[in-house]
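Descriptive structure summary
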Amino acid sequence: MEFLLIQLFNGVSYGALLFLLAGGLSLIFGMMRIVNMTHGSYYLLGGYVALTVIWRSGYFVLGLLAAMLVIACIGIAEWNAFLKRLSGQELGQVLTTMGFALIFQDLALVVWGGDPYTIPQPKFLSGSLRAGNLFLPTYRIFIVAVAAAVAIVLWLVLGRTRIGAMMRATVDDPEMARGVGINVHAISMGVFAMGAMLAAVAGVVAGGFVGVYPGADFEILPYAFVVVIMGGMGSLKGALIGSLIVGLLDNFGKALFPELSYFTLFAPMAIILAVRPTGLFGRA
Amino acid sequence: MVKRLTVALLALAVGVALVVMPATAQKGPIKVGFLAPMTGGAAQVGKDMENGFKMWLEENGNQFAGRKVEVIVEDTQGQPNIALTKLRKLVESDKVHVLAGGLFAHVGYALAPKVDEYKVPMLYPVMAADDLTQRQPKKWVVRTGWTSSQPSHPFGEYVAKTLGYKRVVVIAIDYAFGWEVVGGFQKTFEENGGQIIQKLWPPLGTADFAPYLAQIKKDQADAVFALMVAASSLRFPKQYEDSGLKIKLPLIGGGTTFDEFVLPSLGDEALGGMSPLIYSAAIDTPANKKFVKDYRAKYTKQPSYYSETCYTAARWIAEAAKAVNGDLEDREKFLAALKKVEIPDAPRGPIKLDAHGNPVQNVYIRKVERKGGELWNTVIQVYPNVSQFWKYKPDEFLKQPVYDRNFPPCKYC
Amino acid sequence: MIARLLAGRERLILGAFLLVLVVVPPFFSGFLLALVTQALILAILSMSLDIILGYTGLASLGHAAYLGIGAYAVGILSTRYGAGFWTVLLVGVLGAAVVAAVFGLIALRATGVYFLMITLALGMVVWGLAHRWVSVTSGDNGIASVPRPRLGLGLPWSFSDAVPFYYLALVAFLLAFTLLRVVVSSPFGQTLVGIRESESRMRTLGYHVWLHKYIGFVIAGAVGGFAGVLWSYYNGFVSPADLELATSVETLLMVALGGRGTLYGPALGAAVIVLLKNLVSVYTHRWLLILGAVYIGTIVYAPEGIVGAIRQWTERTRRDKAWSSG
C-alpha cells in the first residue's frame with residue numbers, strides 16, 4: 001500500500017515535469033504543425049541560463065524569469081529566420097530543428113563546459129514532507145504545483161480570453177482568421193515563444209531535481225514526443241493526461257518490469273495509436 | 001698525452017653519438033593517440049583525462065626519452081562504434097606509436113580485440129573492465145588504471161568488519177562496470193558475514209531514481225550501497241536524501257559515486273558518503289599535494305581520478321620510452337618495457353603491474369567531508385598494495401565467472 | 001537488365017563511379033578504406049529509407065530500428081550460437097521485414113506529421129528493448145567481439161581483412177541498389193510515386209493505395225535490416241547507440257542531402273555525411289556545429305538535395321545555351 005502510494009506520487013510528479021515540457025511542444029505542434037526537435041535544447045539552455053543567473057544573483061525566481069525570457073527570444077529568432085517558411089514541410093522542419101539542436105548542444109558545451117550541475121533549490125523547497133511512513137520531497141510537490149498552475153493559466157488564456165480566441169481561430173482556419181483581421185503572424189510568433197518558454201520552465205524546474213548536464217536535451221526529447229503523441233497533438237487536455245499516463249507507466253514499468261521498462265512505456269502508446277492514430281484527444 | 005686523451009674522448013663522443021643518433025634524431029616525434037569523449041554527456045570526463053595527460057607532458061618538456069611528443073586527441077563521444085572508428089584512424093592514418101585513454105567499460109571491451117589486431121600498445125588508464133586482465137587478457141592492452149572490482153574487495157571487508165553493517169541494499173547502474181563493482185563488494189562483504197538483501201539496477205542515464213528508491217527495503221537494511229557514474233552521481237545523493245532515506249540508512253558506494261568530478265557540484269546531501277577508490281584528491285602525500293596544487297593552478301578545479309590516472313599514464317609511457325632508449329618503433333620491445341614499468345611515487349601512491357597486467361596499488365577508503373568550504377574525499381583508511389585478486393589465489397579466483405548482474409547470486413534477496 | 005533501367009548519360013556516370021569504387025579504394029589508407037566501407041553500408045540504409053521518404057513521400061523517424069534489428073541479429077546469433085553468415089543474414093533481413101510489417105500496420109494509418117511521430121515512437125520501442133532487455137541484448141554494454149563473416153563459398157580470402165570486406169560491402173551495396181532500382185522502376189514503384197504526388201487521384205484510379213504503401217514500407221524495412229547485418233559485422237560490435245533517435249534523423253539527412261527519390265542521391269548523401277563527420281572531427285572538436293549547419297543548410301540551400309541542385313544547374317545551363325544560340 002505504502003509502495004503503491006509513493007509510486008503513484010512519484011509517477012504524478014514526474015508526469016507534472018513532463019507536462020511542462022510537452023505542453024509547449026504540443027502547443028507549438030497543434031497551432032503551427034511544426035515538429036520541433038529543438039524543444040529539448042530549450043529545456044537544456046533554460047536550465048543553463050537560470051543556473052548562471054542564480055549563481056550571480058542568488059535568486060531562483062530571477063533565474064527562472066531570465067531563462068523564460070532568453071529562451072523565448074531564441075525561439076522567436078529561430079521561428080522567424082527559418083521555421084515560418086517551412087510550414088507543411090515536415091522533413092524540412094525535422095532537419096532544420098535537428099540542426100539547431102546539434103548547434104545548441106555544442107554551444108552549451110563551449111559556454112558552460114561539460115560539468116554536470118544542479119540548480120540550487122530555494123531553501124523552503126528542500127527537504128521533504130512526512131506523512132506517516134511516507135516521505136514526499138517538497139520539491140516534487142512544487143513541481144506538481146507549478147504544472148497545475150501552468151495548466152490552469154493556459155486553460156484560462158486559451159479558453160477565456162480574446163487572445164485565446166484569436167489563437168484558436170488561427171489554428172482552425174488561418175485564412176479565415178486573416179480575413180477577419182487577426183494578425184496571424186504575430187499570433188503564431190507568440191505561440192512559438194510561449195512553447196519555448198514553457199520548455200525553459202521545465203528545464204529550470206528539472207534542473208533542481210535531475211540536474212543540468214550535457215545530453216539532457218536528447219534524453220528528455222523522446223519523452224516529450226511520446227506524451228504529445230499519446231495525448232494527441234495540439235490538445236492541452238491531451239498533453240496533461242498524456243503526461244500523467246507516461247509518468248505513471250514509466251514509474252510502474254521501472255518498478256515492476258525493469259527489463260521491459262521502456263517497452264511498457266512505448267507499447268501501450270503503440271496500442272493507443274493503433275486504435276486512435278491521432279492520440280487520445282487529438283483531432284485529425 | 002693530453003692531446004691523445006682529447007682525441008680519444010672525441011672519438012668516443014663521436015662513436016656514442018653515432019650509436020645513439022639513429023635511435024633518437026633520425027626518427028620524427030613520438031605520436032600518441034589519445035581517445036576520450038570530447039562531446040556528449042561525458043565530455044567533461046574526457047576533458048579531465050586530456051588535462052591530466054597533457055599536464056604531465058607540459059611539466060616535462062613535451063618529450064619522452066628526449067624525443068618530442070605529438071598527442072593526437074580523438075573524440076569517442078563515449079560510444080564504442082565511434083571509438084573503434086577513431087582507433088582505426090589513429091593507427092592507420094596517423095601511425096601512432098602508442099595509444100592511451102578511453103572511457104566506459106564497454107568501450108574497453110570493444111576496443112581491446114582491435115588493439116590486439118593492430119599490435120600497437122594501448123594504455124587503459126581509466127577503463128576498468130575486469131576481464132581484460134583476468135579471463136580474456138589482451139596482449140597489447142596495458143592497464144595502468146584499475147579493475148572495477150579492485151577497490152570493492154577491501155571495501156566489502158571494511159564495511160562488514162569496521163563499519164559493522166550486516167544487511168545492505170545495492171542500487172547500481174546497470175552495465176558491466178556497475179556489475180563488477182557490485183560483484184566485488186558482494187563477494188568480500190558476504191564472506192565476512194554481511195548479507196546483500198536486494199539489488200536494484202537502474203539503467204545508464206536514469207534521471208529520476210524515485211521508482212527505484214521507493215523499492216528499497218528500508219526497514220530491513222543497515223545501509224545502501226550505490227554505484228553511480230557521471231551525471232547520475234550528481235543527482236542521486238539529493239534524491240536519496242529527499243526521499244527520506246538518508247536519515248535512516250547511511251549511503252556508501254563505489255568510488256565514482258562520490259568522485260571529485262562531481263563533488264564541487266554536490267552539497268550537504270553528499271556528506272558522510274563512504275566509498276573506496278584508487279585515488280582521492282585528499283591523499284596526504286607530497287607527490288599528491290603537489291599534483292593537486294599544480295592541477296588547480298592550471299585548470300581551476302580539483303583533479304579527479306580521471307585526471308590522475310591519465311597524468312600517470314603519460315609518465316608511464318615516458319618511463320617505458322626511457323627503458324628502450326626512445327626506440328618505440330620496436331613495438332614488441334616497447335610493449336615489454338611498458339609492462340615492466342614501476343612508479344613508486346605517483347600522486348595515487350606506488351604502482352606496479354601484477355603477473356596478469358593489472359596494477360597493484362593502494363585502495364583508499366574515503367569519506368565525504370567539508371573542509372574549507374569545499375567537499376573532499378577524506379582518506380579514512382589505506383589498504384596498501386591491493387591486487388586485483390585481493391587475498392585470493394589468482395588461478396582460483398579466475399575459476400569463478402566474471403562478476404555480473406547475477407554473480408555472485410543474491411542469496412539473501 | 002540493369003542497363004535497361006538506366007538512361008544513357010546516367011549509365012555513363014554511374015558506370016564511371018562503379019569503376020572508381022572497384023579500382024581505387026584498395027589503394028586508400030586503412031582509415032579511408034574503412035570510411036568508404038562505412039559509407040557503402042550506410043548508403044544501403046539511406047537508399048532503403050528513400051523508398052519511403054523519396055518515392056512514397058512519407059518521412060519516417062524510426063528507420064534506425066531496422067538497422068538495429070539486423071545488427072542485433074548478427075550480434076546475438078553469431079556470438080552466442082555461432083551462427084554463420086547466411087543464417088544471420090536470413091534472420092536479420094526477415095526479422096526486420098516482420099517488424100516492419102507489424103509497425104506498418106500501425107504507422108500507415110497516418111500520414112504527414114502523424115506518420116513521423118508514430119514512426120518515432122515505434123523506433124523508440126526497439127531502442128527501449130535494446131537498452132533495457134539486458135538478458136537478451138546485454139543492454140548498454142552492447143555485444144562485443146562479433147566475428148567477421150565467413151561466407152563458406154570456398155572463397156580464398158578472409159573477410160577479417162579490410163580489402164575483402166570492402167568488396168563484400170560493395171557487392172552488397174550493388175545488390176541493394178539493383179534491387180531497389182528494380183522496385184522503383186517497376187509499375188509498383190511508379191504507383192508509389194503516383195501516391196506521393198496525389199494519393200486521392202491514385203485512389204480514384206482504383207489503386208489499392210494502402211497496400212502499395214505497406215509493401216513499400218516492408219521492403220524498406222527489410223533492406224534496412226540488410227544494412228544492419230553488414231553494419232554489425234563491420235564494427236564487430238552492436239550497442240543501443242546505433243538505434244537512437246539521432247541515427248534515424250541522420251539517415252533522413254542523408255536522404256535529403258543527397259536528393260530524395262533518386263536512390264543514388266541518398267547513397268551520395270551517406271558518403272558525404274560519413275566523410276564529413278569523421279574528417280572534420282580530425283581538425284576540430286567543434287564538428288557538431290558544422291554538422292548542425294549542414295542540416296540547416298541542406299534545407300535552406302538545397303531542399304532537393306545535391307542531385308536536385310546539380311539537375312537544376314545543368315538544366316539552367318542547357319536552357320541558357322539554347323537561349324544564346326537561338
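Residues numbered from 1 in each chain as written. Chains lettered and ligands numbered in written order. Predicted model: local features only at pLDDT ≥ 70, side-chain atom pairs only at ≥ 80, totals over all residues.

**Side note on the overall build of chain C**
- In terms of helices and strands, chain C carries 15 helices and 0 strands.
- Relative to a compact globule of 326 residues, whose C-alpha radius of gyration would be 20 Å, chain C shows 20 Å and is just as compact.
- Taken over the C-alpha atoms alone, chain C extends approximately 70 × 50 × 45 Å along its principal axes.
- When the 326 residues of chain C are sorted by exposure, 54% land in the buried category.
- Residue pairs at least 24 apart in sequence account for 77% of intrachain contacts in chain C once pairs closer than 6 positions are excluded. (Helix = DSSP H or I, 4+ residues; strand = E, 2+ residues; numbered from the N terminus. Rg over C-alpha atoms; globule rule 2.2 N^0.38 Å. Buried ≥ 20, exposed ≤ 12 C-beta atoms within 10 Å, placed from the backbone. Contact = placed C-beta atoms within 7 Å.)

**Things to note about the overall build of chain A**
- Secondary structure assignment for chain A yields 11 helices and 2 strands.
- Shown N-terminal to C-terminal, the secondary structure of chain A runs as helices and strands in the order α-α-α-α-β-β-α-α-α-α-α-α-α.
- Along the longest, intermediate and shortest principal axes, the C-alpha atoms of chain A span 60 × 50 × 35 Å.
- Taken over 284 residues, chain A has a buried fraction of 60%.
- Counting only contacts in chain A whose residues sit at least 6 apart along the sequence, the fraction spanning at least 24 positions is 75%.

**A closer look at the interface of chain B and chain A**
- At the interface, 24 residues of chain B touch 28 residues of chain A.
- Take the side of chain B that touches chain A: its biggest share by element is 5 residues, from helix H8 (residues 230-242) of chain B.
- Looking at the side of chain B that touches chain A residue by residue, the class counts come to 10 nonpolar, 9 polar and 5 charged. (Nonpolar A, V, L, I, M, F, W, Y, C, P; charged D, E, K, R; others polar.)

**Regarding the nonpolar core**
- Counting 350 residues, the largest nonpolar core has Leu21, Ile71, Val94 and Ala224 of chain A, Val224 of chain B together with Ala121 of chain C as its most contacted members.
- Here this core takes 18 residues from helix H3 (residues 30-55) of chain C, the largest share from any one element.
- Excluding residues within four positions of it along the chain, valine 94 of chain A makes contact with Val35 and Met37 of chain A together with Ala59, Leu61, Leu116, Val249 and Leu252 of chain C. (Core = buried A, V, L, I, M, F, W, Y, C linked by C-beta atoms within 7 Å.)

**What to know about the interface of chain C and chain A**
- Each partner contributes to the interface: chain C provides 40 residues, whereas chain A provides 35 residues.
- Breaking the side of chain C that touches chain A down by element, the ones donating at least two residues are helix H6 (112-132), helix H7 (134-137), helix H12 (245-258) and helix H14 (287-301) of chain C.
- Among the elements that make up the side of chain C that touches chain A, the one with the highest residue count is H6 of chain C (15 residues).

**Overview of the sheet that holds strand E2 (residues 63-64) of chain B**
All names here are of chain B.
- Strand order in the open sheet formed by 6 strands is E2-E3-E1-E4-E5-E6, and the pairing between neighbours is mixed. One side of each edge strand has no neighbouring strand; the edge strands of this open sheet are E2 and strand E6 (141-143).
- Summarising the sheet, E2 and strand E3 (residues 67-75) pair through 2 bridges and their orientation is antiparallel. What sits directly across from glutamine 63, in E3, is lysine 68. (Pairing = 2+ DSSP bridges.)

**Some points on the packing of helix H2 (residues 39-57) of chain A against helix H3 (residues 60-81) of chain A**
Residues and elements named next belong to chain A.
- For the pair H2 and H3, interaxial distance at closest approach is 8 Å and the crossing angle is 140°. Classed by the angle they form, the pair H2 and H3 counts as oblique. At the point where H2 passes H3, the crossing takes the right-handed sense. From H2, Tyr42, Leu45, Gly46, Val49, Ala50, Leu51, Val53, Ile54 and Ser57 reach across to H3, where they touch Phe60, Leu62, Gly63, Leu64, Ala66, Ala67, Val70, Ile71, Ile74 and Gly75.
- Of the residues that constitute the contact of H2 with H3, the class distribution is 15 nonpolar, 4 polar and no charged. (Axes fitted to C-alpha atoms, helices over the stretch in contact; angles between N-to-C directions. Parallel < 35°, antiparallel > 145°, perpendicular 65-115°, else oblique. Left-handed = near helix turned anticlockwise from the far one by under 90°.)

**What to know about the pairing of strand E7 (residues 167-172) of chain B**
Residue and element names in this part refer to chain B.
- Of all 6 residues in E7, 5 are buried; the element is thus mostly enclosed.
- As paired strands, E7 and strand E8 (residues 195-200) are joined by 5 bridges and run parallel to one another. Each residue of the ladder has a partner; that of valine 169, found in E8, is glutamine 198.
- Here E7 runs beside strand E9 (residues 223-227); their pairing, made up of 5 bridges, is parallel. In the strand pairing of E9, valine 170 is matched with phenylalanine 225.

**Remarks on helix H8 (residues 184-207) of chain A**
- The end-to-end C-alpha distance of H8 of chain A, which contains 24 residues, comes to 34 Å, matching closely the 34 Å that a straight helix rising 1.5 Å per residue would cover.
- Burial runs high along H8 of chain A: 19 of the 24 residues are buried. (Expected span 1.5 Å × (residues − 1).)

**Here we look at the confidence of the model for chain A**
- Per-residue confidence for chain A averages 89 on the pLDDT scale, and 99% of its residues sit at or above 70.
- For chain A, per-element mean pLDDT is lowest for helix H11 (residues 263-275) of chain A, which scores 81, and highest for H2 of chain A, which scores 96. (pLDDT = per-residue confidence, 0-100.)

**Topic: unusual backbone geometry**
- Along the chain, phenylalanine 407 of chain B connects to proline 408 of chain B via a cis peptide bond; the corresponding omega equals -5°.
- Inspection of the secondary structure assignment puts proline 408 of chain B in the segment after helix H12 (394-397).
- With a phi angle near 55°, lysine 95 of chain B is a residue other than glycine that sits in the positive phi range.
- Along the chain, lysine 95 of chain B turns up in the loop between helix H3 (80-93) and strand E4 (98-101).
- Phi at serine 138 of chain C takes a positive value of approximately 65°, unusual for a residue other than glycine.
- Position of serine 138 of chain C relative to the elements: it lies in the loop between H7 and helix H8 (162-185).
- Here serine 138 of chain C falls in the buried class, since 24 other C-beta atoms lie within 10 Å of it.

**Some points on the pairing of strand E11 (residues 274-277) of chain B**
Residue and element names in this part refer to chain B.
- Judged by which residues are buried, E11 turns out to be covered on both faces: Met274 and Pro276 on one side and Ser275 and Leu277 on the other are all buried.
- Pairing analysis gives 4 bridges linking E11 to strand E14 (residues 359-371), with the strands arranged antiparallel. The residue of E14 that forms the bridge with serine 275 is arginine 366.

**Focus: the packing of H3 of chain C against helix H11 (residues 209-235) of chain C**
All names here are of chain C.
- It is at 9 Å that the axes of H3 and H11 come closest, and there the two elements cross at 170°. The angle between H3 and H11 places the two elements in the roughly antiparallel class. Counting all contacts with H3, which are made through Thr37, Gln38, Ile41, Leu42, Ile44, Leu45, Ser48, Leu49, Ile51, Ile52 and Tyr55, the residues of H11 involved are Gly216, Phe217, Ile219, Ala220, Val223, Gly224, Phe226, Ala227, Leu230, Trp231 and Tyr234.
- Classifying every residue of the contact of H3 with H11 by side-chain character gives 17 nonpolar, 5 polar and no charged.

**Considerations on the environment of leucine 263 of chain B**
Residues and elements named next belong to chain B.
- Inspection of the secondary structure assignment puts leucine 263 in the loop between strand E10 (251-253) and E11.
- The sequence separation of leucine 263 and glutamate 374 amounts to 111 residues, and the corresponding C-alpha distance is 8.4 Å.
- With residues up to four places along the chain from it excluded, the contact list for leucine 263 reads Phe258, Gln302 and Leu375.

**Quick word on the environment of glycine 47 of chain A**
Residue and element names in this part refer to chain A.
- Turning to its location among the elements, glycine 47 is positioned in helix H2.
- When the C-alpha positions of glycine 47 and alanine 200 are compared, they lie 6.8 Å apart, and in sequence the two are 153 residues distant.
- Every residue in contact with glycine 47, bar those within four places of it in the chain, is listed here: Ile119, Gly203, Val204, Ala206, Gly207 and Val212.

**Side note on the confidence of the model for chain C**
- Confidence in the prediction for chain C averages 90 pLDDT; 97% of positions are at 70 or higher.
- Across the assembled chains, the prediction reports ipTM 0.89 with pTM 0.90.

**Details of helix H13 (residues 264-283) of chain C**
- For H13 of chain C, with 20 residues, the first-to-last C-alpha span of 29 Å sits near the 28 Å given by 1.5 Å per residue.
- Every buried residue belonging to H13 of chain C is among Gly265, Pro266, Ala267, Leu268, Gly269, Ala270, Ala271, Ile273, Val274, Asn278 and Ser281 of chain C, and all of these are buried.

**Quick notes on the environment of aspartate 50 of chain C**
All names here are of chain C.
- Mapped onto the fold, aspartate 50 is located in helix H3.
- Taking the C-alpha atoms as reference points, aspartate 50 and leucine 180, separated by 130 residues in sequence, lie 9.5 Å from one another.
- With residues near it in sequence (within four places) discarded, aspartate 50 still touches Tyr55, Val255, Arg260, Gly261, Leu263 and Pro266.

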